[in-house]
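The chain contents come next:
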Amino acid sequence: MPTRPARRTAAVALGLASALVLAACGNPSDEAATGAAATGSAAARANTGPDQKRVTTPTVDSIAAEVPEAIRRRGTLEIVNSPGSAGPLTFYATDNKTVIGVETDLAHLVAGVLGLEPRVHPASWENMFVGLDSGRYDVGIGNITVTEERKDKYDFASYREDHLAFQAKKGSGLKVTGPADVAGKRVAVSSGTNQEKLLVEWSEENVRAGRAPVDIKYFQHESDTYLALRSGRIDLHLGPNPTAAYRAATTGDTEVVGTYSGGGATLQGLIAATTKKDNGLVKALADALNEVIGNGTYAKVLKRWSLAGESVAKSEINPPGLPRTNK
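Reading guide: rules and limits
Residues numbered from 1 in each chain as written. Predicted model: local features only at pLDDT ≥ 70, side-chain atom pairs only at ≥ 80, totals over all residues. Heavy atoms only, no water. Helix = DSSP H or I, 4+ residues; strand = E, 2+ residues; numbered from the N terminus. Areas by Shrake-Rupley, 256 points an atom, 1.4 Å probe, with all protein chains shown as cover. Pairing = 2+ DSSP bridges. Axes fitted to C-alpha atoms, helices over the stretch in contact; angles between N-to-C directions. Contact = heavy atoms within 4.5 Å. Phe/Tyr/Trp six-rings, centres within 6.5 Å; stacked < 30°, edge-to-face > 60°. Buried < 20%, exposed > 50% of the residue type's maximum accessible area, 1.4 Å probe, protein only. Lys NZ or Arg CZ within 6 Å of the ring centre and 35° of its normal. Parallel < 35°, antiparallel > 145°, perpendicular 65-115°, else oblique. Left-handed = near helix turned anticlockwise from the far one by under 90°. Nonpolar A, V, L, I, M, F, W, Y, C, P; charged D, E, K, R; others polar.

Chemist: Tell me about the overall build of the protein chain, residues and numbers included.
Modeler: For the protein chain, the count of helices and strands is 11 helices and 12 strands. Summing over all exposed atoms, the protein chain offers an accessible surface of approximately 12,900 Å²; the carbon and sulfur share of this is 50%.

Structure (structure tokens):
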């Protein structure tokens, strides 16, 4: 999931980078986090029905002309994403078949600038990449993190920062800025994620510093995690920020009490539109994203889904990604 320095990252301790190297933010169904980094009003009003009344943007002919000829002739942009179990990334509307969420809205904006009809194809996380490799899909817009390893096979146009979030019961008074803040705390996390690696690293650092280790908890189901959080059986949950912020905004029973870059203390993780390497599409994607960033429709979409805090000032082609895991 998801490499981020900065604006919102409060004192990240040593060891964060190595903790987050392995699992690039990705499949939104891996975690349905919680929390509240954003204001609740936008998400609380979010339309989750099949009639989305999406934000739209006009075609820009000069950018549309950058699209490879075969795609222009076809007239469609074949977009793949992976619906998860919770908003706001990519999920199903109340009819249980229409794919909605921030990723889908942004995909429609990009297609609008390019003058193409957006065709969104839900697929499993693994099959997103299989479809990109085969050319079945033109672009993946589905919470895919830029990594150096993935850059061997794909080109990227960034559009969102990648953050992790600690969430607590609303009104807990907790704040997490580094390992000392979770010493002795009961913290839930999903097994096999980069969030787990972060927590294990911080626990080990606490022990070396003479502090209590983290009491790491694992739950099989998301509902069990939140029940434990509400009842006080755990103090914190660590997961992806988007779902954390959205849950806090829509339920009001949790809050985000600390956020961190999935890329570590020195690298801001980035989520990006992903296309097969050297297929000629990435420049058009980046220019389309920069168009919607500039005309304000991008900001409207992120605000709609309570993700304004993950906005980027500019879409970059193949920006630095999470380091290779074999180094």
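Chemist: Which residues make up the sheet that holds strand β10 (residues 236-240), and what values do they have?
Modeler: Read across the open sheet, the 5 strands follow the order β9-β8-β10-β7-β11; overall the sheet is mixed. Single-partner strands in this sheet number two, and they are β9 (215-217) and β11 (254-261). Between one strand and the next, the sheet's axes are offset by a mean angle of 30°, whatever the strand orientation. Along the sheet, helix α8 (residues 222-231) contacts β7 (163-169), β8 (186-188), β10 and β11; its crossing angle with β7, the most-contacted strand, is approximately 50°. Set on the sheet, helix α9 (residues 241-251) makes contact with β7, β10 and β11; between it and β11 the angle comes to about 160°.

Chemist: Requested: an account of the packing of aromatic side chains, with residues and values cited.
Modeler: The relation between two aromatic rings is expressed through the spacing of the ring centres and the mutual angle of the planes. Counted under the stated rule, the structure contains 8 aromatic pairs. Here the aromatic rings of Phe129 and Tyr154 are separated by 5.7 Å at their centres, their planes lie at 55°, and the arrangement is tilted. Here Phe129, found in helix α6 (residues 125-134), pairs with Tyr154, found in strand β6 (residues 154-161); they are 25 residues apart in sequence, far enough to count as distant. For Phe129, a relative accessible area of 12% gives the class buried. Among the aromatic residues, ring-to-ring pairing joins Phe91, Tyr246 and Trp305 into one connected group. Here the guanidinium or amino end of Arg247 rests over the ring plane of Tyr226, the centre of that ring lying 3.8 Å away.

Chemist: Can you lay out the side chain of Ser158 for me, pointing to particular residues and giving the numbers?
Modeler: Relative to the helices and strands, Ser158 resides in strand β6. The class for Ser158 is buried, based on a relative accessible area of 1%.

Chemist: Tell me about the packing of helix α5 (residues 102-114) against helix α11 (residues 297-304), and name the residues and values.
Modeler: Relative to each other, α5 and α11 sit at 165°, their axes nearing to 9 Å. As summarised for this structure, α5 and α11 are arranged roughly antiparallel, according to the angle between their axes. Crossing of α5 over α11 shows right-handed handedness. Within the contact between the two elements, α5 uses Val102, Asp105, Leu106 and Leu109 and α11 uses Thr297, Tyr298, Val301, Leu302 and Arg304. Residues that form the contact of α5 with α11 fall into these classes: 6 nonpolar, 1 polar and 2 charged.

Chemist: Which residues make up the environment of Pro118, and what values go with them?
Modeler: Mapped onto the secondary structure, Pro118 falls in strand β4 (residues 117-122). Linking Pro118 and Thr76, residues 42 residues apart in sequence, is a C-alpha distance of 5.9 Å. Here Pro118 is in contact with Leu77, Ile79, His108 and Ala111, once residues within four sequence places are set aside.

Chemist: Hey, could you go over the pairing of β7 for me, with residue numbers and the actual values?
Modeler: In terms of burial, β7 is a largely internal element, 6 of the 7 residues being buried. In this structure, β7 lies alongside β11, joined through 7 bridges in antiparallel fashion. Residue pairing for β11: Lys169 is matched across the bridge by Thr254. Relative to β10, β7 is paired through 4 bridges, and the arrangement is antiparallel. Residue pairing in the sheet places Gln167 in a bridge with His237 of β10.

Shape is all these values report; function is a separate question.
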